[in-house]
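Descriptive analysis of the structure
Residues per chain are reported as follows:
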Amino acid sequence: MRIAQVAPLYESVPPKFYGGTERVVSYLTEELVREGHEVTLFASGDSVTAARLVAPCLKALRLDTECVDKMAHHILLLEHVFSSASEFDIIHFHVDYMHFPLTRRLGIRALTTLHGRLDLPDLVPLYYEYSDMPVVSISDAQRAPLKQARWAGTVYHGLPPNLYSFNPHPEGYFAFIGRISPEKRIDIAIDIAIRLGVPLKIAAKVDPADRVYFATQIEPLLDHPLIEYIGEISEVDKNTFLGNARALLFTVDWPEPFGLAMIEALACGTPVIALRRGSIPEIIEDGVTGFVADGPDAALGAAERVGELDRAECRAAFERRFTCERMAHDYLEIYTALARPRTRALSIVPPLTDAPVLQAAQSLG
């Protein structure tokens, strides 16, 4: 197939440091190329890919100190995509909903993976209006707030099987990786580590929006001999960081859409201790690849029992469920269904009246 992958421009594909969406786009793109498909990747110019790269900006916007208006670059991204839309059998967007008006009016064959949280009242009228746009969820739980969307499927993320190596003999620390923000609840992970007397290593970034939270709520907690704050780490460093951990503490307290760090840990054989939020019960097999806890106290007890789990089974579960080959095949089934010749002209869904849209928005507010 002739496939376009459209990535956000905030990080390169793959990202140099943090960046879940761009990392997944990279794994999917490279697997599709490996399987013989003709793939064009629309991404920042510092991306690395075996696909044909079309770059509306020279480098990732988050790390570009000269970039002031990030939206300007994304408008150029859409221009590049839509000016060449006829070249593709399917265009796969990873940029939320910003392309919906053009996709509808041009009638192109497109699919959108929604990578973020959807429990926002602002999204309700949007997805009522664009209920003709086929979208993919990255977990079944992610769909719950937007039942009116046109769901084409759920596709779990996947990783290259050789990206991480199985480590049957970890060191004695817990790991936390990702982003420091209120919903990630790193304070719970710190509390678990201190109460159990186990070292905790933290590899995480702090976004500008969360710097006050970090400085006032989290930084004071780091002044403990058991807590080591490392900061952002690269993809190369993740294998050692996660593989040597006794367990990954994934103590998020929000409707987690997927949680890429969980399957990165499983690929190393490292079990996961997590709260029962969003996608987590779908990803972690409770009592097999980790423990799914109903609150911080239960997570503490689970972390104490993590030695009962079989690290080899964690790796085996990754190989069964979360490889990029499985991810690519799931997407190809959806691509094929969407790319079938149409028997009639594209039907444009008329706007809804203000009343039901307002009522729907209020139901979440």
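Provided above is the structure to which this section pertains.
Scope of this entry: the structure provided in the associated data block.

Rules and cut-offs
Note on numbering: residues in each chain are counted from 1, in written sequence order. Only residues with pLDDT of at least 70 are given local features in this predicted model, and only at 80 or more are side-chain atom pairs given and counted; all residues enter the totals for whole chains, interfaces and linings. The basis for every side-chain value is the complete set of heavy atoms in the structure, and neither hydrogens nor water enter the calculation. Secondary structure is summarised from DSSP: a helix means a run of H or I of at least four residues, a strand means a run of E of at least two, and numbering begins at the N terminus for each. Each residue's exposure class comes from its accessible area (1.4 Å probe, protein chains only) as a fraction of the maximum for that residue type: buried when under 20%, exposed when over 50%, partly exposed otherwise. Whether two residues touch is decided by their heavy atoms; if any such pair falls within 4.5 Å, the residues are in contact. Methods summary: accessible areas were calculated by the Shrake-Rupley approach with a probe of 1.4 Å, and residue burial reflects only the protein chains presented. We treat Lys and Arg as the positive residues and Asp and Glu as the negative residues; His and chain ends play no part in the count. A charged residue contributes its charge at one atom only: NZ of Lys, CZ of Arg, CG of Asp or CD of Glu. Pairing between strands is defined by DSSP: at least two bridges between them are needed. Any pair of nitrogen or oxygen atoms within 3.5 Å is treated as a polar contact; in protein, a donor-acceptor pairing is required on top of that, and neighbouring residues in sequence qualify only through side-chain atoms on both sides. Geometry of aromatic contacts follows a simple scheme: Phe, Tyr and Trp rings, the Trp one being its six-membered ring, pair when their centres are within 6.5 Å, and the pair is stacked under 30 degrees between planes, edge-to-face over 60, tilted otherwise. Geometrically, a charge over a ring is one whose NZ (Lys) or CZ (Arg) sits within 6 Å of the ring centre while staying within 35 degrees of the ring normal.

Check the secondary structure of the protein chain and you find 14 helices and 13 strands. Along the three orthogonal principal directions, the C-alpha set of the protein chain runs to about 65 × 50 × 45 Å. For the protein chain, buried positions account for 54% of its 365 residues. Of the contacts formed within the protein chain by residues at least 6 apart in sequence, a portion of 67% connects residues at least 24 apart. Accessible surface, the protein chain: about 15,800 Å² in total, of which carbon and sulfur atoms supply 53%. Of the charged side chains in the protein chain, 35 are positive and 48 negative; the average position of the first set lies 4 Å away from that of the second.

Moving on, we come to the environment of Leu78. By secondary structure assignment, the location of Leu78 is in helix 2 (residues 70-83). Residue Leu78 is classed as buried on the basis of its relative accessible area of 6%. Here the alpha-carbon distance between Leu78 and Glu31, two residues 47 residues apart in the chain, equals 24 Å.

This part takes up the pairing of strand 6 (residues 134-137). Side chains Pro134 and Val136 project from strand 6 onto one buried face, and the interleaved Val135 and Ser137 project onto a second face that is buried too. In terms of strand pairing, strand 6 meets strand 7 (residues 150-154) through four bridges, oriented parallel. The partner of Ser137 across the bridge, within strand 7, is Thr154.

As for its placement among the helices and strands, Thr40 is situated in strand 2 (residues 38-42). Residue Thr40 is classed as buried on the basis of its relative accessible area, which comes to 4%. A polar contact of 3.2 Å, which involves the side chain of Thr40, links it to the side chain of Arg52. If near-sequence neighbours (up to four positions away) are discounted, Thr40 is found in contact with Ile3, Ala4, Gln5, Arg52, Val54 and Phe88.

What follows concerns the packing of aromatic side chains. Throughout the structure, instances matching the rule amount to ten aromatic pairs. Aromatic side chains Tyr173 and Phe241 sit 6.3 Å apart centroid to centroid with 40 degrees between the ring planes, which places their arrangement in the tilted category. Here Tyr173, found in the loop between strand 7 and strand 8 (174-179), pairs with Phe241, found in helix 8 (residues 235-243); they are 68 residues apart in sequence, far enough to count as distant. With respect to class, Tyr173 is no different from Phe241; both count as buried. An aromatic cluster is present here, built from Phe100, Tyr127 and Tyr130 joined pairwise through their rings. In this arrangement the basic side chain of Lys201 is found over the ring face of Tyr173, its NZ or CZ atom lying 4.4 Å from the centre. The ring of Phe174 has Arg246 sitting right over it, with the charged end atom 5.6 Å from the ring centre.

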